[in-house]
Amino acid sequence: MCGERRRDLERLWFENYHPVDEATPRVRRLPFNQTFHITDLYSAEEREASAAYNALRTIAHAGNAMEGRLQGSNGSRILWQIQRLR
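The shown structure was predicted, so the numbers you read here are calculated from the model rather than taken from an experiment. (Residues numbered from 1 in each chain as written. Predicted model: local features only at pLDDT ≥ 70, side-chain atom pairs only at ≥ 80, totals over all residues. Heavy atoms only, no water.)

Caption draft 1: Expanded view of the overall build of the protein. Helices and strands together make up the secondary structure of the protein, namely 4 helices and 3 strands. When the elements of the protein are put in sequence order from the N terminus, they spell out α-α-β-α-α-β-β. Here the protein has a C-alpha radius of gyration of 13 Å; the compact-globule value for 86 residues is 12 Å, and the two agree. When its C-alpha atoms are laid out on the principal axes, the protein stretches across 35 × 30 × 25 Å. (Helix = DSSP H or I, 4+ residues; strand = E, 2+ residues; numbered from the N terminus. Rg over C-alpha atoms; globule rule 2.2 N^0.38 Å.)

And the structure:
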C-alpha cells in the first residue's frame with residue numbers, strides 16, 4: 001500500500017477532523033519548502049486532548065510523520081506528508 005492514495009482516510013479527515021484541527025491555521029503560516037515534524041504543530045496539552053491529533057496518531061498512523069509545505073503552480077498549495085507505515 002506504500003505510496004497509494006487513501007480516499008477513505010481523506011474523506012474521514014475532511015468530514016470529521018479538519019474543521020476542528022488546531023494545527024490547520026499553523027500549517028498555513030509555515031514557510032514553503034521546509035519540512036517539519038507533525039508533533040511540532042501541537043502543544044503538549046493538545047497532543048493529549050486533540051481529537052484531530054489523536055486521529056492522525058491512531059487511525060492514520062501519522063503521529064510520527066514529517067510534512068512539507070510546497071507552493072504549486074497558479075497559486076496552489078501542497079502539503080506533503082511522509083510517514084512510516086506499520
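Caption draft 2: Local environment of the pairing of strand 3 (residues 77-82). Alignment of strand 2 (residues 66-71) against strand 3, held across 6 bridges, turns out to be antiparallel. Counterpart to G68 in the pairing with strand 3 is W80. (Pairing = 2+ DSSP bridges.)

Caption draft 3: Highlighting helix 4 (residues 51-58). Residues of helix 4 that are buried include every one of A52, Y53, N54, A55 and L56, and no others. Residues of helix 4 that are buried in the fold lie against helix 1 (7-17) and helix 3 (44-49). Capping of helix 4 at its N-terminal end is provided by S50; its side-chain oxygen lies 3.3 Å from the backbone amide nitrogen of A52. (Buried < 20%, exposed > 50% of the residue type's maximum accessible area, 1.4 Å probe, protein only. Contact = heavy atoms within 4.5 Å. Polar contact = N/O pair within 3.5 Å; in protein donor to acceptor, adjacent residues only side chain to side chain.)

Caption draft 4: Region of the structure containing the sheet that holds strand 3. Taken together, the 3 strands give an open sheet; going across it, the order is 1-2-3, and neighbouring strands pair in antiparallel fashion. Of all the strands in the sheet, the pair left with one neighbour each is strand 1 (34-37) and strand 3. Each strand axis lies, on average, 25° off the axis of its neighbour in the sheet, ignoring direction. (Axes fitted to C-alpha atoms, helices over the stretch in contact; angles between N-to-C directions.)

Caption draft 5: Highlighting the side chain of N54. Considering the arrangement of structural elements, one finds N54 in helix 4. At 2.7 Å, the side chain of N54 and the backbone oxygen of S50 are in polar contact. At 2.8 Å, the side chain of N54 forms a polar contact with the side chain of R57. Non-local contacts of N54, meaning those with residues more than four positions away in its chain, are made with R47, E48, A49 and I59.

Caption draft 6: The nonpolar core, seen in detail. One finds L41, Y42 and L56 to be the most contacted residues of the largest nonpolar core, which totals 15 residues. Ranked by the residues each element gives to this core, the list is headed by helix 4, at 4 residues. The residues touching L56, leaving out its near neighbours within four places in the chain, are W13, I38, Y42, H61, A62 and G63. (Core = buried A, V, L, I, M, F, W, Y, C linked by side-chain atoms within 4.5 Å.)

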